[in-house]
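Here is how the chains run, residue by residue.
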Amino acid sequence: MLDFLGLVVFAIFTIMIVGAGLGVVLANRVTTSALLMAFTFLNMAGMFVLLGAETIAAFQVLIYVGAITVLILYGVMFTPQTPRAYGLFFQKQTPWGAVLAALAALPVIVVAFSFHDAKTVAPPGGDLNALAIAVFNSFAFPFEVASVLLLAAMVGAIVLVKRESPAAPPAAPLRRSEPPR
Amino acid sequence: MPLAAFIAVSAALFFIGVAGVLVRRNAVVILMSVELMLNATNLAFVAFSRRLGVAGERGSVFVVFIFVVAAAEVAVGLAIILAAYRNRPTVDVDQLDEMKG
């Protein structure tokens with residue numbers, strides 16, 4: 001009974017993830033894409049709970065659904081989004097892209113279905129203990145490197161979006177004939 | 001729950017992201033598709049971690065580091081998009097062709 005229930009929940013999450021993922025790619029309005037992406041991430045967190053990785057699911061909701069979606073929405077807000085006409089939406093590279101993705105996907109899916117009888121067993125008592133012990137013992141040095149990476153990314157993002165002088169006009173289109181200031 | 005089911009969902013989402021990167025021309029949507037791909041690999045990592053049993057949750061540790069890299073990537077990526085937009089007011093990657101020949 002519990003197995004069947006798990007299967008139903010898994011099927012629901014699968015449909016939501018694949019459907020919302022397709023929506024991200026196919027939706028013509030960027031805000032719709034961003035919110036569908038957040039929905040995909042939320043269902044992915046449910047998938048992690050189904051696998052018995054509650055800590056990862058919590059991180060997923062905090063980082064992906066919270067932080068990254070908000071960052072992307074800020075990006076949408078700061079740039080003008082004009083929905084492309086559908087005549088321009090499907091261009092000459094679209095069939096090539098689709099064929100290339102399908103060709104690469106086929107062997108991967110064949111390999112995926114070759115794990116016949118492998119079961120996924122959730123560890124008893126959650127995964128927080130094992131995760132914390134692994135991160136702070138075997139992976140202590142990569143953990144420190146990751147913190148340096150985050151610091152570097154923060155400084156880099158600030159430097160990239162900083163304006164040179166406060167008097168500079170915002171987002172003025174530079175014409176090519178103009179000499180650089 | 002069989003492992004193959006989780007790997008199949010992961011592969012499907014990953015290749016949806018690949019198709020998005022190849023097909024869409026909006027830089028912000030391309031960034032979203034990259035995020036989808038990263039998240040699909042997270043699912044594969046956790047599923048294989050479960051398959052291998054209690055080997056110290058190694059797969060989940062990798063997922064934590066992927067979270068860090070994804071956060072850094074989206075911050076720097078958006079900064080680059082905004083800088084390019086300030087230089088030339090478009091987010092269409094077809095028109096961001098200043099480095100061409």
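Participant: Before we go on, may I ask you to explain the overall build of chain A in this structure?
Facilitator: From N to C terminus, chain A includes 7 helices and 0 strands. Reading chain A from its N end, one meets helices and strands in the order α-α-α-α-α-α-α. Residue pairs at least 24 apart in sequence account for 60% of intrachain contacts in chain A once pairs closer than 6 positions are excluded. Of the roughly 11,500 Å² of accessible surface on chain A, a fraction of 76% belongs to carbon and sulfur atoms.

Participant: Help me understand the nonpolar core, please; the structure alone is not making it clear to me.
Facilitator: As a rule of thumb, soluble globular proteins bury nonpolar side chains together. Grouped together as the largest cluster of nonpolar side chains are 54 residues, with contacts concentrated most on Met 47, Ile 56 and Ile 72 of chain A together with Met 32 and Leu 43 of chain B. At the level of secondary structure, the elements contributing two or more residues to this core comprise helix H1 (2-26), helix H2 (30-50), helix H3 (54-78) and helix H6 (128-136) of chain A together with helix H1 (3-23), helix H2 (27-51) and helix H3 (58-87) of chain B. The element best represented in this core is H2 of chain B, accounting for 11 residues. Not counting chain neighbours up to four residues away, the residues in contact with Met 32 of chain B comprise Val 24, Val 30, Ser 33, Ala 34, Met 37 and Ile 72 of chain A. Ala 101 and Ala 105 of chain A together with Val 18 and Ala 19 of chain B belong to the second-largest nonpolar core, a separate cluster that totals 6 residues.

Participant: Sorry if this is basic, but what is going on with H2 of chain A here?
Facilitator: Its 21 residues place the ends of H2 of chain A 30 Å apart at the C-alpha level, agreeing with the 30 Å of an ideal helix rising 1.5 Å per residue. Just beyond H2 of chain A, the residue with positive phi is Gly 52 of chain A, at close to 80°.

Conventions we followed
- Residues numbered from 1 in each chain as written.
- Chains lettered and ligands numbered in written order.
- Predicted model: local features only at pLDDT ≥ 70, side-chain atom pairs only at ≥ 80, totals over all residues.
- Heavy atoms only, no water.
- Helix = DSSP H or I, 4+ residues; strand = E, 2+ residues; numbered from the N terminus.
- Contact = heavy atoms within 4.5 Å.
- Areas by Shrake-Rupley, 256 points an atom, 1.4 Å probe, with all protein chains shown as cover.
- Core = buried A, V, L, I, M, F, W, Y, C linked by side-chain atoms within 4.5 Å.
- Buried < 20%, exposed > 50% of the residue type's maximum accessible area, 1.4 Å probe, protein only.
- Expected span 1.5 Å × (residues − 1).

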